[in-house]
Amino acid sequence: MAYRNGVAARGTVKLDRPVSFRTSSSFKSKLPPSPSPAAGSALRRSSPASFGSASNKDDHAVPGRVRVAVRLRPRNAEESAADADFADCVELQPELKRLKLRKNNWDTDTYEFDDVLTEYASQKRVYEVVAKPVVESVLDGYNGTVMAYGQTGTGKTFTLGRLGEEDTSDRGIMVRAMEDILADISLETDSVSVSYLQLYMETLQDLLDPANDNIPIVEDPKTGDVSVPRATVVDIKDQLSFLELLRVGEAHRIAANTKLNTESSRSHAILMVNVKRCVMGSEDNVSSENGGPSHLTKPSRPLVRKSKLVVVDLAGSERIQKSGSEGHMLEEAKCINLSLSALGKCINSLAENSSHVPFRDSKLTRLLRDSFGGSARTSLIVTIGPSPRHRGETSSTILFGQRAMKVENMLKIKEEFDYKSLSRKLEVQLDKLIAENERQHKAYEDEVERLNVEAEKRISEVERNFADALEKERRKCQMDYMEAVKKLEEKLVSNQKQDHEGLVNGKCNGEEVSEVQELLQKEIHLRKVAEEEVENLKSQLGLFTQSEAGGNAEIVRVHKILEEEAQHKKKLEEEIIILRSQLLQLNFEAEQMRSCLDRGGAGNGYSSADSSMSSVRHSHPRDVGNGQKAPVSTLFEQVGLQKILSLLESEDANVRIHAVKVVANLAAEETNQKRIVEAGGLTSLLMLLRSFEDETVRRVAAGAIANLAMNEANQEHIMVQGGISLLATTAADADDAQTLRMVAGAIANLCGNDKLQTNLRSEGGIKALLGIVRCGHPDVLSQVARGIANFAKCESRACTQGIKSGRSILIEDGALPWIVQNANDEAAPIRRHIELALCHLAQHEVNAKDMISGGALWELVRISRDCSREDIRSLARRILNSSPTFRAELRRLRIDY
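These numbers were taken from a predicted model, which means no experiment stands behind them. (Residues numbered from 1 in each chain as written. Predicted model: local features only at pLDDT ≥ 70, side-chain atom pairs only at ≥ 80, totals over all residues. Heavy atoms only, no water.)

## Quick look at the overall build of the chain
Looking only at helices and strands, the chain has 31 helices and 22 strands in total. Sorting the 897 residues of the chain into buried and exposed places 44% on the buried side. Within the structure as shown, the chain displays about 47100 Å² of accessible surface, and the carbon and sulfur contribution to it stands at 51%. (Helix = DSSP H or I, 4+ residues; strand = E, 2+ residues; numbered from the N terminus. Buried < 20%, exposed > 50% of the residue type's maximum accessible area, 1.4 Å probe, protein only. Areas by Shrake-Rupley, 256 points an atom, 1.4 Å probe, with all protein chains shown as cover.)

Listed below in structure tokens is the structure:
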């Protein structure tokens, strides 16, 4: 066995290139119509085991049957020499999409497929017939799956994963699919990311990061979507980076040389391409307050479509007699055949509309849950060989494809609103409107200020001119009047004096009287002229008053313009308020969506990342560099064990924590355990566990005790110093999952000692182990299951030796219901330990009635049929056959096991 494309020489390729290729114009295969109810077929009934059932389909889902195409591989050199005198076992009729399988020289079976591809079909034609419709559906927002199934050596990897480095026409479906995806999307708004995995020996491994070799499969409890969150995800920007990624993955994929294929894949390869596209919705006009259309438009709501393309290169099914597999390769072949068998069972159940589909029997079927009976558009290509020596494998492959054609999927587009993009767009539009409003408001204020200054200047000038003219005329009239009055007074005085003298003289001069009268008339005339001048001044004053009224009219017009601008400003402010309210609403919806997603993601349990104690249990000191020792070992030699143990009693909490971590690392190595116990390290650790409430100290101390408990000699020391009761107390008080895992691991190690069975029960160890299941963390439950299996095994050994009799302590302490409930747990370690515990409990007839009443008999029957380990299946069958009580109950229930 070797890694594909590794340092060793590759040898020959899995499928030789065809001698010649028949060119044909490309065409797109269409989805055939779903079978009508009149034909007797119906959609698969809803069941809890299938997320593709009718109860989970929404109104926008459309039916889509699994499309199946068959491809014939040309004869290779070995077959041409060995089967030269024999005709091919298959006859293709591509124009009728029909295939004939020869039973013998005179009898054939005929099968119809969606497409039949001869040995001369080019890689381009295979892609356009099989994968291109699926890729186009992925670009439209649907999930899609392209899968290759067939016997080993029939060309599955050539069809899917060929890079075409030597000849571009040999490019496989993976390369061509990525070319179409990158050509259709826009890298500015869309994104493409890729993960490349392999399922080897029922372990999911990362081909892009070989160190990541045990990736868990996570299922969403609400939607049923399957994801692998710990897998490496690489963003793809161009085709060259994708080709380099495929080279890295193929180099890490495991392959081996068998009799049927010089480079046989020993794992299922899974390429996951995640496509995220942004789609803009239509724009709507925003209505104004009076119901009419506004000049603003409601921005289009951006949608995000998330789709996934899964390309699965299944490992080839093989018969051990023909492939010659042995040793580790035999175990690999068993795992491959078991996973393919589980896939076949699921497809049979879906094709027969069964109420239960066993998706959980294999990690492969769990990963392909959406591809068969789910919401993905699925296309299957089955590859066959022409050799009559492999007619049985060819017939099995053809029947697999026929059953897959009966599976009906319900296709759904997965899209959601892009609230962040819409919020950013609204914020930009709001900023533009605010800036425009501020500019208009500033221009409006500047214009009003200018008009006010100009009006005030004109008014003050008119008032000043009028006041000056009025004052000038008033002074002139006053001066003229004063001079006229003075002259009249002087004349009057002179006349009075002359009159007095005339009276005295007794003389009356008529000429003087006429002169006085003439002067009087002149004075009257002057007075009239003055009155006319006053009237003229009054008229001028009226004209000035009218000019002032005209200035007031100009001010009124300016005020009217100001009022109109104020109304326009108010309208803009109202529109800004509308936009702000829309923004607040969208932000609120986004927050609600985010909180819902957070609540949905919160149910995934604890992170699978190890805590600081992972290094305590699994990181052993080893040599690094040029003969240098690990830091802990170096510290152990330089400082000394007694000095390290003395630091456990330090008053500084940080010093104490570091000291207990160093002791835990030292305890992980078996050579140091005896010295630690002899130096009093076990006593110090138990005191820390008893006296300190710091969670970190308790967790690391429990991990160190668990490491020491792996040694049987140390287990008795732990029991003598009251370690069992102390571990039980810690299990009852602790809530941290990592602390409970360490405590459960320590108790589980103690459960494997035959001499401690009675002490474990009397000091509360078994009760504490059963109480830890409240945590629910898979790692904690795995340790609990291991402890129960160890305890049941010791009980079984004691009963066989005659040391113990009577019912099991586990049954008396109430462990049987939890054992039965978790016997079929999806986590393999938990399931394996519980299956062993059930078999050990069932070995003694005294426990049979309790196990029957508790439902354990059904689990024993299941284990005897479906357990993945042959030794456990054989043990379960042997127990069922040897127990009279079990046999009688099975006969009563009419169960054939």
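Moving on from the model shown.
## Overview of the sheet that holds strand 6 (residues 108-112)
Across the sheet, three strands lie side by side as 4-5-6; this open sheet has antiparallel pairing. Both outer strands of the open sheet, strand 4 (90-93) and strand 6, are each paired with one neighbouring strand and no more. Within this sheet the neighbouring strands show an average axis-to-axis angle of 20°, counted without direction. In terms of strand pairing, strand 4 meets strand 5 (residues 98-102) through four bridges, oriented antiparallel. Bridged to Leu92 within strand 5 is Leu99. Strand contacts of helix 9 (residues 391-404): strand 4, strand 5 and strand 6, with the helix running at about 145° to strand 5, the strand carrying the most contacts. (Pairing = 2+ DSSP bridges. Axes fitted to C-alpha atoms, helices over the stretch in contact; angles between N-to-C directions. Contact = heavy atoms within 4.5 Å.)

## Section: the packing of aromatic side chains
The final tally for this structure, using the stated rule, is one aromatic pair. Geometrically, the ring pair formed by Tyr149 and Phe400 is stacked, given 3.8 Å between the ring centres and 10° between the ring planes. Residue Tyr149 is located in strand 8 (residues 143-150), and its partner Phe400 is located in helix 9; the two are separated by 251 residues in the primary sequence. With respect to burial, Tyr149 and Phe400 carry one shared label: buried. (Phe/Tyr/Trp six-rings, centres within 6.5 Å; stacked < 30°, edge-to-face > 60°.)

## A look at the nonpolar core
Ranked by internal contacts, the top residues of the largest apolar core, which has 93 residues, are Ile788, Leu838, Met851 and Phe886. Considering each element in turn, this core owes the most residues, nine residues, to helix 21 (residues 737-751). Membership of the second largest hydrophobic core comes to 48 residues, among which are Cys89, Leu204, Ile217 and Leu367. (Core = buried A, V, L, I, M, F, W, Y, C linked by side-chain atoms within 4.5 Å.)

## Brief notes about the pattern of salt bridges
Under the counting rule described, the total for this entry stands at 35 salt bridges. We note a salt bridge from Arg892 to Glu889, for which the minimum N-O separation is 2.5 Å. Remark: Glu889 and Arg892 occur in helix 31 (residues 884-893); sequence separation between them is three residues, near one turn of the helix. Arg892 gets classed as exposed once you look at its relative accessible area, which sits at 57%. One network of salt bridges, with partners in common, ties together Glu219, Arg360, Arg366, Arg369 and Glu826. (Salt bridge = Lys/Arg side-chain N within 4 Å of Asp/Glu carboxyl O.)

## Considerations on the pairing of strand 16 (residues 268-280)
Pairing of strand 9 (residues 191-200) with strand 16 involves nine bridges; the strand directions are antiparallel. Paired with Gln198 across the bridge in strand 16 is Ala269. Relative to strand 19 (residues 302-313), strand 16 runs antiparallel, the two being bridged by twelve bridges. When the sheet's bridge partners are listed, Val279 is paired in strand 19 with Leu303.

## A look at the side chain of Asp825
Topologically, Asp825 is positioned in the loop between helix 26 (816-821) and helix 27 (828-842). Lacking a salt bridge, the buried Asp825 has Arg831 as its closest oppositely charged neighbour, with an N-O distance of 6.0 Å. Leaving out residues up to four positions away in the same chain, Asp825 has contacts with Ile830 and Arg831. (Lys, Arg positive; Asp, Glu negative; His and termini not counted.)

## Points about the environment of Met272
With respect to the helices and strands, Met272 occurs in strand 16. Residue classification places Met272 among the buried positions, given a relative accessible area of 10%. Along the backbone, Met272 and Leu197 are 75 residues apart, and their C-alpha atoms lie at a distance of 8.2 Å. Each residue touching Met272, except ones within four places of it in the same chain, is listed here: Ser193, Val194, Ser195, Leu197, Val228, Leu309, Val310 and Leu367.

## Notes on the state of the cysteines
Applying the stated criterion to the full structure yields zero disulfides. In this structure Cys867 is not part of a disulfide, and its nearest cysteine sulfur, from Cys839, lies 7.6 Å away. (Disulfide = S-S within 2.5 Å.)

## Thoughts on the side chain of Gln783
Looking at the secondary structure, you find Gln783 in helix 24 (residues 778-800). Looking at Gln783, the relative accessible area reads 12%, which means it is buried. Within the structure, the side chain of Gln783 is placed 2.8 Å from the side chain of Arg786, a separation counted as a polar contact. (Polar contact = N/O pair within 3.5 Å; in protein donor to acceptor, adjacent residues only side chain to side chain.)

## Concerning helix 15 (residues 653-667)
Taking 1.5 Å of rise per residue, 15 residues should cover 21 Å, and helix 15 covers 21 Å from first to last C-alpha, within 8% of that figure. Turning to helix 15, its buried residues number three or more, namely Arg656, Ile657, Ala659, Val660, Val662, Val663, Ala664, Asn665, Leu666 and Ala667. (Expected span 1.5 Å × (residues − 1).)

## Some thoughts on helix 29 (residues 856-866)
In terms of residue burial, helix 29 counts as a mostly covered element, since eight of its eleven residues are buried. Looking only at helix 29, the buried set comprises Ala856, Leu857, Glu859, Leu860, Val861, Arg862, Ile863 and Ser864. Of the surrounding secondary structure, the elements contacted by the buried residues of helix 29 are helix 26, helix 27, helix 28 (848-853), helix 30 (870-882) and helix 31.

## Examining the packing of helix 30 against helix 31
One way to put it is that helix 30 packs onto helix 31 with a least axis distance of 5 Å and a crossing angle of 85°. With respect to each other, helix 30 and helix 31 are oriented roughly perpendicular. In contact with Ile879, Leu880, Asn881 and Ser882 of helix 30, helix 31 contributes Pro884, Phe886, Arg887 and Leu890. Taken together, the residues of the contact of helix 30 with helix 31 break down into five nonpolar, two polar and one charged. (Parallel < 35°, antiparallel > 145°, perpendicular 65-115°, else oblique. Nonpolar A, V, L, I, M, F, W, Y, C, P; charged D, E, K, R; others polar.)

## Some points on unusual backbone geometry
Within the chain, Lys97 stands out as a residue other than glycine whose phi angle is a positive 55°. In this fold, Lys97 is placed in the loop between strand 4 and strand 5. One non-glycine residue with positive phi stands out, namely Asn353, at about 55°. With respect to the element layout, Asn353 can be found in the loop between helix 7 (328-351) and helix 8 (363-367). In this structure Asn353 comes out as buried when scored by relative accessible area, which is 19%.

## Remarks on a negative patch on the surface
Together, Asp480, Glu483, Glu532, Glu533 and Glu535 line one region of the surface with negative charge. Looking at which element gives the most residues to the negative patch, the answer is helix 11 (residues 510-601), with three residues. Structurally, Glu535 can be placed in helix 11. (Patch = residues over 30% accessible without salt bridge, like charges linked within 9 Å, V, L, I, M, F, W, Y side chains within 5 Å. Charge placed at Lys NZ, Arg CZ, Asp CG, Glu CD.)

## Looking at the confidence of the model for the chain
Close reading of the predicted structure is inappropriate where its pLDDT is low. Scored by pLDDT, the chain comes out at a mean of 77, with 78% of its residues at no less than 70. In this model residues 1-59 is a low-confidence stretch, pLDDT under 50, and it forms 129 contacts with partners more than four residues away in sequence or in other chains. Confidence drops under pLDDT 50 across residues 600-632; counting only partners more than four residues distant or on other chains, this segment forms 48 contacts. (pLDDT = per-residue confidence, 0-100.)

## A look at the packing of helix 18 (residues 695-708) against helix 21
Taken N-terminus to C-terminus, the directions of helix 18 and helix 21 make an angle of 25°; their axes are 8 Å apart at the nearest point. Classified by the interaxial angle, the pair formed by helix 18 and helix 21 is roughly parallel. By crossing handedness, the relation of helix 18 to helix 21 is classed as left-handed. Contact with helix 18, carried on its side by Glu695, Arg699, Ala702, Gly703 and Ala706, involves Gln738, Thr739, Met742, Val743, Gly745, Ala746 and Asn749 of helix 21 and no other residues of that element. (Left-handed = near helix turned anticlockwise from the far one by under 90°.)

## Quick word on the environment of Val357
Residue position: Val357 is located in the loop between helix 7 and helix 8. Taking the relative accessible area as the measure of exposure, Val357 reaches 2% and is therefore buried. In sequence terms Val357 and Cys346 are eleven residues apart; their C-alpha atoms lie 5.5 Å from each other.

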